[in-house]
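# Breakdown of the fold
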Amino acid sequence: MVLDAAQRSALAVTRAVGQLPNVHITTADAAPMALAGQSKYSHSYLQIPCSKESPTAFIQWVEQHCLNGQFDLILPVTEVTSQLLLMQNYSTQQLPMAFARYATVMELADKANLVRQAQAAGVSVPNTQFFENSQALNVQQVTYPIVLKPAKSKIYANNQWVSTTVRILKSEADLAKVLEEDTYLAHHPFMLQEFIPGHGAGVFCLYNHGIPVRYFAHQRIREKPPEGGVSVLCQSVAVPEHLKEASEKLLTQVNWHGVAMVEFRISPEGKAYLMEVNTRFWGSLQLAIDAGVNFPALLTQHFFNEPAIKEAPYKIGQRLRWLLGDVDSLYIFLKRPNSTAKKLKRIGQFIWPRLFNQRHEVNRLGDLKPAWFELKHYIKELRG
């Protein structure tokens, strides 16, 4: 069963695993129908309680429908769903999930724990101060710019989820505003980290009980919003050796199992600083599959102790485009106060065809229903 079926990463998982022999996939999400559920590789779709908005009802649904052996493997693709399932103590039967234990996951997903793990492994991190809550912070001792980073991106408390935000603070006024608006800081741990100028980079990994299986890396070409956000056009690149080495130090130390995306900030001098680790499938998963690293299939085969696909070195320069996200990115760029020359250049980049080594993330000739489903919802949202 593939959960979180509204996510594009769930669609990539469904398509990748669905092409393995003797696999029957059920997709599930809170909506009456979702993106991955439209794929021809989804044999059935279930509408279930939302793991974020109704976690108690979601857990009850899982207990009623997923502990009876009906599903041989359950694949969540979001942080909320995976952590919620992992933190439950099912005494009679464990859910069949290709994840590390909850405690291991939180060693990396909890950013404060991650910094300590990185320091122990000899992986560079920004200078960091730890605070249990905002009352422990002396605002007079803060220097700017500084990054305020909650220990957890999603906090589960009182049977509900709270989403947190990383903030770049440039002044005492910024700090005061954040402390007033982000009320969770009064009750939950956070960090103040040195601001590292430069650009982001990531390494994508699959581990099997502490042993590295495959690595992958990509470069973001266009994002939504344009100044930085979700990737809408990206391409595969060789894994930088120093980032691979740092990732391996960290993941081996915690005996990692499953997939992970290790994110770094590269300073203008070329030094890599660890930022965070996503302990789940990532947004641009389809690019890795297109380039030749089928992470979902490999994960599934390792889970069932089957012979893994023998994969050649992946293709460098393979591109992936999320078309509707790219449309949004272009629209945002054109609304901004950019020069006419820059706008024309951006339009040219958008419409210029690329006939080789580029595929669309959702639009696939052999599996068209997800693209049509996405387009209908996109138009519906535009109409308001």
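Described in the following lines is the structure provided in the data block. As the structure is a prediction and not an experimental result, all values here were calculated from the model.

Reading guide: rules and limits
Residues numbered from 1 in each chain as written. Predicted model: local features only at pLDDT ≥ 70, side-chain atom pairs only at ≥ 80, totals over all residues. Heavy atoms only, no water. Helix = DSSP H or I, 4+ residues; strand = E, 2+ residues; numbered from the N terminus. Buried < 20%, exposed > 50% of the residue type's maximum accessible area, 1.4 Å probe, protein only. Contact = heavy atoms within 4.5 Å. Lys, Arg positive; Asp, Glu negative; His and termini not counted. Charge placed at Lys NZ, Arg CZ, Asp CG, Glu CD. Core = buried A, V, L, I, M, F, W, Y, C linked by side-chain atoms within 4.5 Å. Pairing = 2+ DSSP bridges. Axes fitted to C-alpha atoms, helices over the stretch in contact; angles between N-to-C directions. Parallel < 35°, antiparallel > 145°, perpendicular 65-115°, else oblique. Nonpolar A, V, L, I, M, F, W, Y, C, P; charged D, E, K, R; others polar. Disulfide = S-S within 2.5 Å. Patch = residues over 30% accessible without salt bridge, like charges linked within 9 Å, V, L, I, M, F, W, Y side chains within 5 Å. Areas by Shrake-Rupley, 256 points an atom, 1.4 Å probe, with all protein chains shown as cover. Salt bridge = Lys/Arg side-chain N within 4 Å of Asp/Glu carboxyl O.

### Here's the deal with the overall build of the protein chain
- Check the secondary structure of the protein chain and you find 12 helices and 15 strands.
- Expressed along its principal axes, the backbone C-alpha trace of the protein chain runs to roughly 60 × 60 × 45 Å.
- Going through the 384 residues of the protein chain one by one, you find that 49% of them count as buried.
- Sequence-distant contacts in the protein chain: of pairs separated by 6 or more residues, those separated by 24 or more amount to 65%.
- For the protein chain, the distance from the average position of its 39 positive side-chain charges to the average position of its 32 negative side-chain charges is 8 Å.

### Some points on the nonpolar core
- If you look at the biggest cluster of nonpolar residues, it comprises 98 residues, and the most contacted ones within it are Ile-74, Phe-216, Trp-256, Phe-264, Leu-274 and Phe-295.
- Aside from chain neighbours lying at most four places away, what touches Phe-264 is His-199, Gly-200, Ala-201, Val-203, Leu-243, Ala-246, Ser-247, Ala-272, Tyr-273, Leu-274 and Met-275.
- By size, the runner-up hydrophobic cluster in this structure holds 13 residues, among which are Phe-131, Ile-146, Ile-155 and Tyr-184.

### Points about the sheet that holds strand β15 (residues 358-360)
- Across the sheet, 7 strands lie side by side as β13-β12-β9-β10-β11-β14-β15; this open sheet has mixed pairing. For this open sheet the edge positions go to β13 (272-278) and β15, each flanked by a neighbour on one side alone. With direction set aside, neighbouring strand axes in the sheet form an average angle of 30°.
- Bridge count for strand β11 (residues 230-237) against strand β14 (residues 319-321) is 3 bridges, and the pairing is antiparallel. Within β14, the residue paired with Cys-234 across the bridge is Leu-320.

### Some words on the packing of helix α10 (residues 323-335) against helix α12 (residues 369-383)
- Look at α10 against α12: their axes get within 10 Å of each other, and the N-to-C directions meet at 30°. Considering their axes alone, α10 and α12 lie roughly parallel with respect to each other. Only Glu-374, Leu-375 and Tyr-378 of α12 make contact with α10, whose side of the interface consists of Leu-324, Val-327 and Asp-328.
- When grouped by side-chain class, the residues that make up the contact of α10 with α12 number 4 nonpolar, no polar and 2 charged.

### So, the state of the cysteines
- Following the criterion strictly, the structure yields 0 disulfides and no others.
- Considering cysteine sulfurs only, Cys-50 is the nearest to Cys-66, which forms no disulfide, with 15 Å between them.
- Using a relative accessible area of 1% as the deciding quantity, one classes Cys-66 as buried.
- Cys-205 takes part in no disulfide bond, and the closest cysteine sulfur to it belongs to Cys-234, at a distance of 16 Å.
- When its relative accessible area of 1% is taken as the criterion, Cys-205 is described as buried.

### Observations concerning the pairing of strand β5 (residues 154-157)
- In this structure, β5 lies alongside strand β6 (residues 160-163), joined through 4 bridges in antiparallel fashion. Paired with Ala-157 across the two strands is Gln-160, which belongs to β6.
- The antiparallel hairpin formed by β5 and β6 contains 2 residues in its connecting segment, where Asn-158 sits at a positive phi of about 55°.

### Observations concerning a nonpolar patch on the surface
- Side chains of Leu-344, Ile-347 and Ile-351 sit close together on the surface and give an oily, nonpolar patch of about 290 Å² of accessible area.
- Residue classification places Ile-347 among the partly exposed positions, given a relative accessible area of 31%.

### So, the pattern of salt bridges
- Counted by the stated rule, this structure contains 10 salt bridges.
- Between Arg-167 and Asp-182 there is a salt bridge, with the nearest N and O atoms lying 3.0 Å from each other. Separated by 15 residues along the polypeptide, Arg-167 in strand β7 (residues 167-169) and Asp-182 in the loop between α6 (172-181) and β8 (190-194) bring together distant segments of the chain.
- A residue is classified by how much of its surface remains accessible, and Arg-167, at 26% relative accessible area, is partly exposed.
- When its relative accessible area of 6% is taken as the criterion, Asp-182 is described as buried.
- The network of salt bridges with common partners includes Arg-222, Arg-321 and Asp-326.

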